[in-house]
Amino acid sequence: MSESIHILALVTIAEEKAAQLEKAVQVCAGHSLKEEACQRYEISRDAEKKGRFMVSEIWASEDGFETHLASKHFGALAGFIKEHGAELEVIRQQPLHPAS
């Protein structure tokens, strides 16, 4: 049995492009939530810094996460991020609480 993969992705874009990024992330989230290995895909925006978004993800396995990274919908989001000069930081997390 493989361990779940916990991801926190931080995406920052120029304020004038924030609404476009929000829509692109929401589209990706809608598709991602339908993936078999997706256990959580929650997006939020920074309440203080316009243009910064967080995506909290849990994937059932490394294979499931890799499948997500190879998906058409994630590719579209990654393309948008690159095309519009946004910054993307992907952090693999290790939960400390056993029930996480």
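Given the structure is predicted, the values throughout are model-derived calculations rather than measurements.

Observations concerning the sheet that holds strand β4 (residues 87–93)
Working step 1: Ordered in space as β2-β3-β1-β4, the four strands form an open sheet in which the pairing is antiparallel. The open sheet has two edge strands, β2 (38–45) and β4, and neither has a second partner. Mean inter-strand twist for the sheet, computed between neighbouring axes without regard to direction, equals 15°.
Working step 2: Pairing of strand β1 (residues 5–12) with β4, which is carried by seven bridges, proceeds in the antiparallel orientation. Across the sheet, L10 pairs through a bridge with E89, a residue of β4.
Working step 3: Along the sheet face, helix α1 (residues 18–32) touches β1, β2 and β3 (52–59) and points at about 165° away from the line of β2.

Digging into the nonpolar core
Working step 1: Judged by nonpolar contacts, the single largest core of 23 residues is most densely connected at L21, Y41, W59, L77 and I81.
Working step 2: When residues in this core are grouped by element, the largest group, six residues, is from α1.
Working step 3: Other than its neighbours up to four places away in sequence, Y41 contacts C28, A29, S32, L33, V55, S56, E57, W59, H68 and L77.

Considerations on the packing of aromatic side chains
The geometry of an aromatic ring pair is captured by the separation of the ring centres together with the interplanar angle, meaning the angle of the planes.
Working step 1: Counted according to the given criterion, the structure contains two aromatic pairs.
Working step 2: The interplanar angle of 75° and the centroid separation of 6.3 Å between the aromatic rings of Y41 and W59 together place this pair among those described as edge-to-face. One end of the pair, Y41, is in strand β2; the other, W59, is in strand β3, and 18 residues separate them in sequence. In this pair, the class of Y41 matches that of W59, namely buried.
Working step 3: Taken together through their ring pairs, the aromatic side chains of Y41, W59 and F65 make up a single cluster.

Concerning the pattern of salt bridges
Working step 1: Enumeration according to the criterion identifies three salt bridges in this entry.
Working step 2: With its nearest N and O atoms 2.6 Å apart, the salt bridge here joins R52 to D46.
Working step 3: Between R92 and E62 there is a salt bridge whose closest N-O contact spans 2.9 Å. Remark: E62 occurs in helix α2 (residues 62–69) and R92 occurs in strand β4; sequence separation between them is 30 residues.

What counts and what doesn't
Residues numbered from 1 in each chain as written. Predicted model: local features only at pLDDT ≥ 70, side-chain atom pairs only at ≥ 80, totals over all residues. Heavy atoms only, no water. Pairing = 2+ DSSP bridges. Helix = DSSP H or I, 4+ residues; strand = E, 2+ residues; numbered from the N terminus. Axes fitted to C-alpha atoms, helices over the stretch in contact; angles between N-to-C directions. Contact = heavy atoms within 4.5 Å. Core = buried A, V, L, I, M, F, W, Y, C linked by side-chain atoms within 4.5 Å. Buried < 20%, exposed > 50% of the residue type's maximum accessible area, 1.4 Å probe, protein only. Phe/Tyr/Trp six-rings, centres within 6.5 Å; stacked < 30°, edge-to-face > 60°. Salt bridge = Lys/Arg side-chain N within 4 Å of Asp/Glu carboxyl O.

In short, geometric facts, not functional conclusions.
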